[in-house]
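Descriptive structure summary
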Amino acid sequence: SNIPYGRIAIPDQQMQHLFDASVRTLYQNRDRVDGFPQFQPGSTVYRGLWIHDGVYYIEAAAILGDTMSARLATEGLFQFQQPGGKVQVMWPVEMQRESPMLAWVMGRYARLANNRDWLKAHWGKVVAAMDYTRQLRQQTMTDPASPYYGLMPPGFVDGGISGLTADYCSVYWSLIGIDSGVDMAGWLGETEKQKEWRALYDDLLQSFRTAARRDSRRDQFGSLYLPVRVADTTTTDVPQRAQWAICEPIGLSTMFPPDDPLARGSLAVIDSTCIQGLPSTFGWMTGGVGVWFAPLYGVAHFALGNVEKAIDVLYAFANHATPHGAWAEEQMPKGVSSRTTGDFPTTSATACMLRSVLFFLAFERENSLELLRGLPKEWLAPGSVVKARDLMTKFGRITFEIAVSKDGNSGKIVLTMVGNGDGDDSMAQYTDSQNIAELYLTSFKKAGYRDKNGNELPDHVRAQWNQRFELEFRR
């Protein structure tokens, strides 16, 4: 398929360069393996299949419109699912989150591509992944005295945590995968599976909340956080180690509402460790900055409504790119050491750079789409143009253009949204007619703009699917 260049136009030329370079790197590190395209984490150290990283590569390609590569790369994962539903790529290491990750990426591709027929054809793989996830949890429920009772068995975490341990990252991804299964079941009209998996989700979430209350602690500033290891009693490691793990469910699921004290406390813990705007000792490298993890942290802030902080993280991340638009996985701060870890470049960083910009422009909630909420006001400078063409969301395709006059005194927004509704009344809750699209104007207000009549702009306005929307603004 064609490399999806030209989908986004950004007036910040350096950021545009990094966005385009990230698209290039994503595809330069895509191989064909066993007949399927496979996006690789990098060109050297980690060249191979890593599902945890790979789901983000597949998602980025699909949002940019390359649904063919996303579909084929997802189908390439099927060969790693055993008859009982277990997905095993990291063999002989047990990584307990691979099965729910397969379910999640299947749902993500199918929703972005609006390919319900494909999902129906491969529904058995989703069911098998859900069944195996349930079985894994069932293994933990024989001994109520076990510290991971009701959670997930020990496995490999990675990203700063070595060895096999019962961990909350596996729990987070199990919840993300099960939640996706509930959505897919509803989309396909599989009501019994939807009820069954909703009950499993609620039960696992309750077990998590119980264990989290037991294991949560506070850092030196009083911020609440949850060590990634279950029942961790050590006091020698820093609080922020591997806290990228909680950033994923904050950005990808509804398990943490905006006012959740653990979610906000965890981000505060990470905030207090930042060096040059990026989290330090976030992964393997003690004293180093966790470069590729940083966009996960930024999106988590964005999901909780901390828009300015999220933009700051994106720019701090951008400032750590090479002139050619690539990033290390982790690196030491300048003046301390030149050491890096992982691949150079790392596709994980490039994919998450793409996701950050795309989410800031069009962010999906459970039943709503937030447009332009993360638009930096600096992108509304005189003569600037911001464009997005045919971005894929689970609700439909988005195209917009924001043009500011050369003198900076006026401008116009033109937006078109083509919904995924299929006219099936039994699926009404999953069609565009039931989903809200809000166009956020807070950045325009911060830049000093009002509506064409001189009135104050609202914080956001409702846009209708399958209709052209225009809004003029001026100073």
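Here goes a summary of the coordinates provided. (Residues numbered from 1 in each chain as written. Predicted model: local features only at pLDDT ≥ 70, side-chain atom pairs only at ≥ 80, totals over all residues. Heavy atoms only, no water.)

Time to look at the environment of Asp232. Of note, Asp232 is situated in the loop between β7 (224–225) and α9 (244–252). On the basis of relative accessibility, which here comes to 15%, the residue Asp232 falls in the buried class. Among all residues touching Asp232, those that are not within four sequence positions of it are Arg217 and Pro227. Polar side-chain contacts of Asp232 include one of 2.7 Å to the side chain of Thr234. (Helix = DSSP H or I, 4+ residues; strand = E, 2+ residues; numbered from the N terminus. Buried < 20%, exposed > 50% of the residue type's maximum accessible area, 1.4 Å probe, protein only. Contact = heavy atoms within 4.5 Å. Polar contact = N/O pair within 3.5 Å; in protein donor to acceptor, adjacent residues only side chain to side chain.)

The nonpolar side chains of soluble globular proteins are, as a tendency, buried together. Counting residues in hydrophobic clusters, the biggest one holds 153 residues, and the most contacted among them are Phe19, Leu119, Phe208, Ile402 and Phe444. Examining the composition of this core, we find that 13 residues originate from one element, helix α7 (residues 168–188), more than from any other. In contact with Phe19, other than residues within four places in its own chain, are Ile8, Ile10, Leu64, Met353, Leu354, Val357 and Leu358. (Core = buried A, V, L, I, M, F, W, Y, C linked by side-chain atoms within 4.5 Å.)

Strand order in the open sheet formed by four strands is β10-β11-β15-β17, and the pairing between neighbours is mixed. Two strands lie at the open edges of the sheet, namely β10 (362–364) and β17 (460–463), each paired on one side alone. Averaged over neighbouring strand pairs, the angle between their axes works out to 25 degrees when direction is ignored. (Pairing = 2+ DSSP bridges. Axes fitted to C-alpha atoms, helices over the stretch in contact; angles between N-to-C directions.)

What follows is about helix α3 (residues 67–77). An α-helix turns once per 3.6 residues; consequently, residues spaced three or four apart project the same way. The complete set of buried residues in α3 reads Ser69, Ala70, Ala73, Thr74, Glu75, Gly76 and Leu77. Contacts made by the buried residues of α3 are with α1 (13–28), β2 (30–33), β3 (36–39), α2 (51–63), α4 (98–113) and α5 (116–121).

The next point concerns the packing of aromatic side chains. Within this structure, the stated rule accounts for 21 aromatic pairs. Between the aromatic rings of Tyr27 and Phe39, the centroid separation amounts to 5.6 Å while the plane-to-plane angle is 85 degrees, which identifies the pairing as edge-to-face. Remark: Phe39 occurs in strand β3 and Tyr27 occurs in helix α1; sequence separation between them is 12 residues. For Tyr27, a relative accessible area of 7% corresponds to the buried category. (Phe/Tyr/Trp six-rings, centres within 6.5 Å; stacked < 30°, edge-to-face > 60°.)

So, on to the environment of Ala328. The residue Ala328 is located in the loop between α12 (307–318) and β8 (330–331) in this model. Placed 37 residues apart in sequence, Ala328 and Val291 show a C-alpha to C-alpha distance of 6.6 Å. What Ala328 contacts, discounting residues up to four positions off in sequence, is Val291, Trp292, Thr340, Asp343, Phe344 and Thr346.

Across the two faces of β17 the burial differs, with Val461 and Ala463 buried and His460 and Arg462 not buried at all. By the bridge criterion, four bridges tie strand β15 (residues 436–440) to β17 in an arrangement that is antiparallel. Paired with Ala437 across the strands is Ala463, a residue of β17.

Here we take up the sheet that holds strand β18 (residues 468–474). Overall, antiparallel pairing links the six strands, which are arranged β1-β12-β13-β14-β18-β16 in an open sheet. Looking at which strands have only one partner, the edges of the open sheet turn out to be β1 (8–9) and β16 (450–451). Inspection of the sheet shows strand β12 (residues 385–392) paired to strand β13 (residues 396–404) by six bridges, in the antiparallel sense. Across the sheet, residue Val386 finds its bridge partner in β13, namely Ile402.

Interpretation note: all reported values are geometric properties and have no functional meaning in isolation.
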